[in-house]
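So the chains spell out like this:
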Amino acid sequence: MAGMRGKQTVRGMFQSMAVILAAAGVIYLFVPHDENADPIKPVDYRVELVTAQRAAPYPVLSPQGLPAGWKPTSVSYERRSGDAWHLGYLTPDRQYAAVEQSTASPVKYIDSVTRGARDTGAVREVAGRAWQRWEGPKYDALVLREKGVTTVVAGTATEGQLAELATALRPAPKFS
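Within each chain, residue numbers correspond to sequence positions counted from 1 in written order. Selection of residues for local features in this predicted model requires a pLDDT of at least 70, selection of side-chain atom pairs for listing and counting requires 80 or more, and totals for whole chains, interfaces and linings are taken over all residues. The side-chain values count all of the structure's non-hydrogen atoms but skip hydrogen atoms and water molecules.

**Student:** Explanation requested: helix α3 (residues 106-114) in the structure shown.
**Tutor:** Side chains of residues three or four places apart in an α-helix project in the same direction, reflecting 3.6 residues per turn. Every buried residue of α3 is accounted for by Tyr109, Ile110, Val113 and Thr114. End-on, the buried residues of α3 take up no more than an arc of 110 degrees, which puts them together on one face. Across from the buried face of α3, at angles greater than 90 degrees, the exposed residues are Val107, Lys108 and Ser112. Note on definitions: a residue-residue contact is assigned when non-hydrogen atoms from the two residues lie within 4.5 Å. For the purposes of this entry, the term helix denotes a DSSP run of H or I that reaches at least four residues, the term strand denotes a run of E that reaches at least two, and both are numbered from the N terminus. Packing partners of the buried residues in α3 comprise β3 (84-90), β4 (96-102), β6 (129-135), β7 (140-146) and β8 (149-155). Throughout this description, buried means an accessible area under 20% of the type-specific maximum (1.4 Å probe, protein chains only), exposed means over 50%, and partly exposed covers the range between. Throughout, the arc means the angular range of directions from the helix axis out to the C-beta atoms.

This is the structure:
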């Protein structure tokens, strides 16, 4: 009788597993899922922009009038980290480009946000300003040093796309 009890337990376990797998299969079939959907969702950066505007000791820059296809993907403002403003984008061809601003030491800050890029010595005129051209193993960048703030446009995007983002930068409109 004891041997029969063990066989019933194993048989019951397999029956239970079959019921669970069947239920999971039905759920999978009827729950909508889209394999073609873009997994990267754009972020709404307005709240962080307002926070940065109010707290930063410099004019916070944000892009205005970027062409369709540019998708904001990350945003932050860190007051304790040199009043650092960050706004990251995915370009239409799915490359990364970000606007970085800070009052931190330019040498350390530029190295940090460009992931080790180095100054090429070249200058690129963008929207009437002379931006330094930096190149690195991970990111390339355009760097603008002004009194009290360093602005960096960096990423895996092409130099043309980085310049396009830099051209679109304007002091953020004031929200009340």
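**Student:** I'm lost on unusual backbone geometry in this one. Help?
**Tutor:** A positive phi angle is found at aspartate 83, which is not glycine, with a value near 50 degrees. You can see aspartate 83 is positioned in the loop between β2 (71-78) and β3.

**Student:** What should I look at first to understand the environment of glycine 136 in this one?
**Tutor:** Secondary-structure assignment places glycine 136 in the loop between β6 and β7. Residues glycine 136 and arginine 118, spaced 18 residues apart in sequence, show a C-alpha to C-alpha distance of 6.1 Å.

**Student:** In this structure, what is going on with the layout of surface pockets? I would like to understand it.
**Tutor:** Rolled over the atoms, a probe as big as a water molecule pinpoints where empty space is left. Of the two site types, the cavity is a set of points on a 1 Å grid over the protein atoms alone where a 1.4 Å probe fits but cannot get out, and the pocket is an open set with protein on both sides within 12 Å along at least five of seven lines, each lined by residues with an atom within 4 Å of a point. Grid points are joined across faces, edges and corners, and a volume is the space filled by probe spheres set on the points. Approximately 190 Å³ is the volume found for the largest pocket. As for the largest pocket, its lining consists of 15 residues, of which Leu61, Arg129, Glu146, Leu169 and Pro171 are closest to the centre. Elements represented by at least two residues in the lining of the largest pocket include exactly β6, β8, α4 (159-168) and β9 (169-171). In terms of residue count, β9 provides more of the lining of the largest pocket than any other element does, three residues in total. Among the residues making up the lining of the largest pocket, the classes are represented as nine nonpolar, three polar and three charged. Amino acid classes used here: Ala, Val, Leu, Ile, Met, Phe, Trp, Tyr, Cys and Pro are nonpolar; Asp, Glu, Lys and Arg are charged; the rest, including Gly, are polar.

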